[in-house]
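# Observations on the model geometry
So you can see what is in the structure, the chains are spelled out below.
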Amino acid sequence: MTTPLSAQSFVRLLKAPTDPPNPESPLKIQIASAAWDDATIHIQNKHELIAEFILTRLLKDKSKTSDNPVIDARYWSLLHKVLDSSVGAGARSLKVWLGSLLNRTPLAPIIISVLTLLRDLKIAEAKELLVLVRPCFSVLWPLGVHKIGVEMLLECFGAVLNVSAELVDDEILGDICEVIVSSYREALGNAGNKKKLTATFLQSHLSSWIHAISPSSHLSPQLNKAVYVAGTETLFSLDTLRASPSSESLFTALSSSPNSPSTINLAISLLPRLFSTHTYFLRRYRTSLFPASQSKIQNRENDMRMTSMAFFASCLKLLAENDLSWEARVGLIGIIESERICASQAVGEVEVETVRENAVQVLEEEKTEEEVVRLALDVLAALARVDYDVIEPVVGRVLPRLILTRPSPSAHKSANVLLNLLLDFHSKTRTLHAYSHALFDACTSLSSIRSLVSPQEFYGRARTSAILAHTHFSSLAQALRTFLTPTQVKEAAQITQTLKNTFNTYQNLSSLIIIGEMEERPRKKRRKSVSDSPSASPAPTQAMREVDVRALSLSLTLKFAALFLSNLPSSFVTAEVREAVLEAGVWAIEAARSLLCNRTSKIIWADQMTGAALLRFAYHLPAWRCGGEQGCVQGLLEVAKMEEGAEDELVLEILRFLFAWSSRSETDVKVETVLDVALTYIEAQVEHTGRLMILFLIVERWLDLVDAQGSISSLDRLIKLIFSISPTSTRRVDVQGLQPKDVLWSVLHNAQFWEMGNIRTSVLAYLTSSPDSLKDSALDQLSSTYCLLLHVPPEYLTKQARVELVLRAMVGDVTISLLLHATTREKTTKGKRKRDEGRDLEDVQQTLVHIRIFLQRMGKLGYLNTSDHESARDYVKHLMSMEVSDNAALKKATINLAELYIVALLRASDKDSSASAACASIFCSLAQSGFLDEEGVPKLFVLQLVERLRQDFSVSSLPDLIIASIKELHAALTPVSHSDVINTLPASGTIKAWARHLSFGRWLGVASTLTSGYSQQITVAFMRNREKCKSSAEILELLFEELRCLPDVDRGMHLDLAVGVFVFSGNIKSLDEVVSSGCKHLSVDDFSHILGTVYEALESTRFPPAQCVRLVHAATVLLCDAPQGTLKVVQAFFSQCLNLFIGHAQFFAGPVDMKLACLEFVARQCSDRPAALRSVDPGPIHSLLSKILCGSPTHDSTTTPAVFHTSTTILNALVRLRRDLVVHVLPHLGMVLRQLVSCIRSLRSQLAAKQSRIVTDTLPSWIAPSEPLGVPEARTLARLFTSLTTKSVPRVHMQPSAEQKAESLSKPFAKHAAYVVTAHIDAVNDPLCVVRADVRRELEPGLFSLCEMMGTHSRDAVMVSALDAGGKSVMKALWKEYEKQRYIGKG
């Protein structure tokens, strides 16, 4: 533009009908941009003209398919400049001219067009456009939203629902969408008739809304919640619910949706959430929807429940025949439970019964998926929580299915929940006998269940089912012992007669079927071509299947009967019942003998299971103590010994019964005989499930009997079986959850096991048995032996055994090391080892680890022979010469063992010259070996030895020969410690070696010839790459070591760098010990400087909160380990920090981590160094506590109880340790105690927003209103109140002029105690707050202490002047409880 534009021509160009206005002229947006950028063009209200042009263009051309100005960055950029510019003094305000413009130009269509067209742009282009749109939107929307109708805002809301999934994570777009949704909700709340909005929403936006709030939604959680709330406020508004309380239109719209199947699938997961929200709105509008008089409140509740159940019925119709429906059913029933929409008084009975029947049918179907079974059980459990009467009719159908359900961890957990609910109900109603009969009926009804699964598989399922699991059995046993009534106990005798009749029926059926099969067998001819393989064996007949099912039913019935009869309450058991129970046990023994012993053919599976159940029944009663005749159980022993194909369960029950039988004083079965049969059976396959159970039975129950009566050979076999189990062996967990290693650990951790003399002899014999050579299996035995010895109490090893084991360990160490060296060399030369040669490298190294840890343990206990100095020297050299690659455990064990030998030699060097020579030889060999240049065992050993020498030895106590060799070692360590750090940061081992070299030289008294600056270079490199560096502790140690060792170091720079490393390192806990040990040796000036550095950093505002927290923590660590002579420095620094904390909001109102750090700083000083406190400190301390405990309008998402506990710790320390200072600030103490009492309040449920805000504004920011403080905090506060009456002597540095008496704050604080009590009364009496009963109970001891301080005079004054009627009643109740427990001098 060569000539300046006039206002008239500028307006004419912008309002021209074509763009560009003339063929030779530029585009209108270019003309407008040039006019805006050209400061020489003076046009009145130029910004208004350009803004009107842009908005008009965006509105009119929003539907263009090409060159759409809505997505043209030039328009939004110019609009941003216009809106953001400063106008002249004579111009109208932005709100005036822009508001008038937005009245003429609708804003909503433009925003809808922007959100819609963003999906057509590339991600990068869309984000660039949003950067320009956001500032324009933030100015235009607040001014134009009030001019937009609610219908148009609904369309904007619909545009938000369809935003691009790729862009929704963008923070700018998310903020825009949240503002739009918030505006729509506000307009919706102010709208008159909302029925039209609901109809429009259902017709146009329902599908998009469901996709937006579904679990797979791409919206952020905050926006997702806002969108859901806006949608439900539209769907469940008062006008809509008046027209249709049960929201049938919602389900009609879902069914008729164009994308109905996909929309319904997404809506299914949302149904519980919608049901809960619908119920909430019904309760919210209940007075308008269900008008009723005062006398018919119950009718209103029933109408509301019926409406909710109608919504529930609509949900069920939507869920019908849908595979994804069961999880939604669980959620819906959960809402019925939580909202107390009970199915009583004929409210929703049909719908609930429908869900119940569907769940039972799922359990009765054999091929149902495990997840569906779990969900069906969850539905039944939810129904049981709603009302037990709902599921009572189907309990008889559910229990058998729980027995036969396929084992699954998830279904097992759900079944346990259901069983616990059944058990709890019958326990509370004292009807456990009915539940027990239901279990018996479930077992007997198994024979009527038809299935293609074999009875054997059914029995396997039953054994692993939740109903027969230990969890249910233990709970049922406890309930029987506690809740059975005397009448129900008397009826127990009837169970025994029922068992006998059931067994007789089974035995008669079994005999008839076996006889029938014997008669039919000769008629069948077997083809000779048929092989004898198991697959060719004929299938069991239907009759035998019937017998097997009967046996299964009887076995389970006997198991429940044993549980019932063995857990009768002893106080209610009469002589008649006891006699009947014992008679049943004797009958079970005879029945088992008749079933198992007198047989001429192989015992069938059914008889085996029945016999095992009978023996188990007899064992649990227990009938073996007083029943049976001599010689009546020999046949059972023969069955366990000779029967081929016997089930493991039968053998287990026979052996358990025989062990019990043989423990009697008069018996014909010896323990030795039973143990021999058991060991023979186990030795066939020790890790087999059944055999492992027998071994576990012996170890857990009969070990004392075996030790007392078992032979030596049997004990040796038993110990060999136990110790042959690998400590790390794993396999699939069986029904009992038993692993082979569990047996081994139960023995090793059993103190009784080690006290048994005969068994201990066998253990020592097994451990000291020497293999012929260290080859193959012998090496395995050596590894297993020393792995076991790590868990054997060394006190139980005899002196001879210790000597032999130590000698064998050292020989094995040398031999295995040579083998490992040869294996490693062969692997290096050939590239790989042959599979048939050598040992696995990891196994060999693990064996060495076990051996060396064992030797180290023996050395620490004084059982290692170090008097042979030459042997010790050779062994240490052997340890140092071994190559260890990457096995950290082996390195650690080697270094610790070598250190143990070296320390023993050093301690013997002042009395024996040979020990000095051995030590000197070891140190010289290390110095001359050249291994110190590598990161191997020798270098790590030397570094660890340096620290041990500094702690336990002085140079003057060692002989000159050793000192000379140590100096040679120090000189050899020097070259590997220094490296170039200009380009790369050294490894942590190198930095550690440099620090230890300096401390080594300081210990030796050798002046360092190296120059300083090495640690400074490392620190600078660390600051550049602190995110990747993991060696901050080593760097900090080096900085402190250089301060102590190097004379020409820049001490101020070193101390500043030390603070920087501490603050900017990742793991701050690992540095506390380094700082504590380092600052103890600082001078007063150095310590004052480092404290000044920390304070300057805290005082500046350039550090983010994370670094400020670390600075406060650094100050805490420095004060706790201050060097001697720095009391005044510490006191001044502490006072400065207190004033800093209370003067800057970032400390008391910042993040919760900052609050905790500040409180910890004060607490450590008050608790650890109370004498350092001055009279000026209590005031700022109480001020800081008051600021942290004061109310806040904003709160964290989670409560941090540590703030409360640390605050009480500070006050407790002041009250107990510095009573002389607290007595001058008692009003401050009273105010802080009132604030602490106020913190334990919680919101009353179902408060409105304004009411909730009234309470939450008085709570501190670190308390989330949804997570109030609880019992631990009340207990801590009560302890603080009680400490006010505890007598103590102040801790001070000055010597008192006279002997101080122990006194308390009872008298001084008596005038202020009333205000603390009234704070508690106000909290209890507040209608918007709740102080839980358990919290009040825990507070009572502290409140009683305050009452004792108050006295009756202060109580009466408070009653008259400070309390209303409710407060007076609370005070009377509190004082009444106080009087009850008050000691009045009697008794």
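Just so you know, the residues in each chain are numbered from 1, in the order the chain's sequence is written. Only residues with pLDDT of at least 70 get local features here, since the model is predicted, and only at 80 or more are side-chain atom pairs given and counted; chain-wide, interface and lining totals rely on the full set of residues. Computation of side-chain values covers all heavy atoms of the structure but excludes hydrogens and water.

Turning our attention to the overall build of the chain. What counts as a helix is a DSSP run of H or I of at least four residues, what counts as a strand is a run of E of at least two, and both are numbered from the N terminus. A count of helices and strands for the chain gives 66 helices and two strands. Here the analysis covers contacts within the chain between residues at least 6 apart in sequence; of these, 77% occur between residues at least 24 apart. Contacts between residues were defined by any pair of non-hydrogen atoms, one from each residue, lying within 4.5 Å.

A few words now on helix H4 (residues 73-84). Expected helix span is given by 1.5 Å per residue-to-residue step, counting one fewer step than there are residues. Compared with the 16 Å implied by 1.5 Å per residue over 12 residues, the 16 Å span of H4 between its first and last C-alpha is a close match. Residues of H4 that are buried: Tyr75, Trp76, Leu78, Leu79, Val82 and Leu83. Angular distribution of buried residues about the axis of H4 spans 165°; they occupy a single face of the element. Buried, partly exposed and exposed residues are distinguished by accessible area as a fraction of the type maximum, computed with a 1.4 Å probe on protein chains only: under 20%, between the cut-offs, and over 50%, respectively. Along the arc lie the directions from the helix axis toward the C-beta atoms.

With that settled, consider the packing of helix H6 (residues 108-117) against helix H8 (residues 150-161). For the pair H6 and H8, interaxial distance at closest approach is 9 Å and the crossing angle is 10°. Regarding the angle of H6 to H8, the classification is roughly parallel. On the side of H6, the interface is formed by Ala108, Ile112 and Leu115, while H8 contributes Met152, Glu155, Cys156, Ala159 and Val160. Three classes are used, and their members are as follows: Ala, Val, Leu, Ile, Met, Phe, Trp, Tyr, Cys and Pro are nonpolar, Asp, Glu, Lys and Arg are charged, and the others, Gly among them, are polar. Within the contact of H6 with H8, the residues separate by chemical class into seven nonpolar, no polar and one charged. Between N-to-C directions, angles cover 0 to 180 degrees, with each direction set by a line fitted to C-alpha atoms, over the stretch in contact for helices. Any angle between 65 and 115 degrees counts as roughly perpendicular, while under 35 counts as roughly parallel, over 145 as roughly antiparallel, and the rest as oblique.

Once that is clear, we can look at the pattern of salt bridges. Any Lys or Arg side-chain nitrogen found within 4 Å of a carboxyl oxygen on Asp or Glu counts as a salt bridge. Applying the stated criterion across every chain yields a total of 36 salt bridges. Residue arginine 950 is joined to glutamate 947 by a salt bridge in which the shortest nitrogen-to-oxygen separation is 2.9 Å. One end of the pair, arginine 950, and the other, glutamate 947, are both in helix H46 (residues 937-952), three residues apart, so they sit about a helical turn from each other. Through salt bridges with shared partners, one network takes in Arg463, Arg616, Glu649, Glu653 and Arg656.

Along the chain, serine 427 turns up in helix H22 (residues 409-428). Considering only alpha carbons, one finds serine 427 and threonine 482, 55 residues apart in sequence, at a separation of 8.6 Å. If sequence neighbours within four positions are ignored, serine 427 has contacts with Leu432, Ala479 and Phe483.

What makes a nonpolar core is a set of buried Ala, Val, Leu, Ile, Met, Phe, Trp, Tyr and Cys residues whose side-chain atoms join them at distances within 4.5 Å. Core analysis: the biggest nonpolar cluster contains 333 residues, and Trp141, Phe157, Trp209, Val227, Ile391, Ile403 and Phe617 have the highest contact counts within it. With 13 residues, the top contributor of residues to this core is helix H28 (residues 542-566).

Now for the confidence of the model for the chain. In the predicted model, the chain carries a mean pLDDT of 81, and the fraction of residues at 70 or more is 86%. As a per-residue quantity, pLDDT reports the predictor's confidence and falls between 0 and 100. Predicted confidence for residues 831-839 stays below pLDDT 50, and this span has 14 contacts to residues more than four positions away or in other chains.

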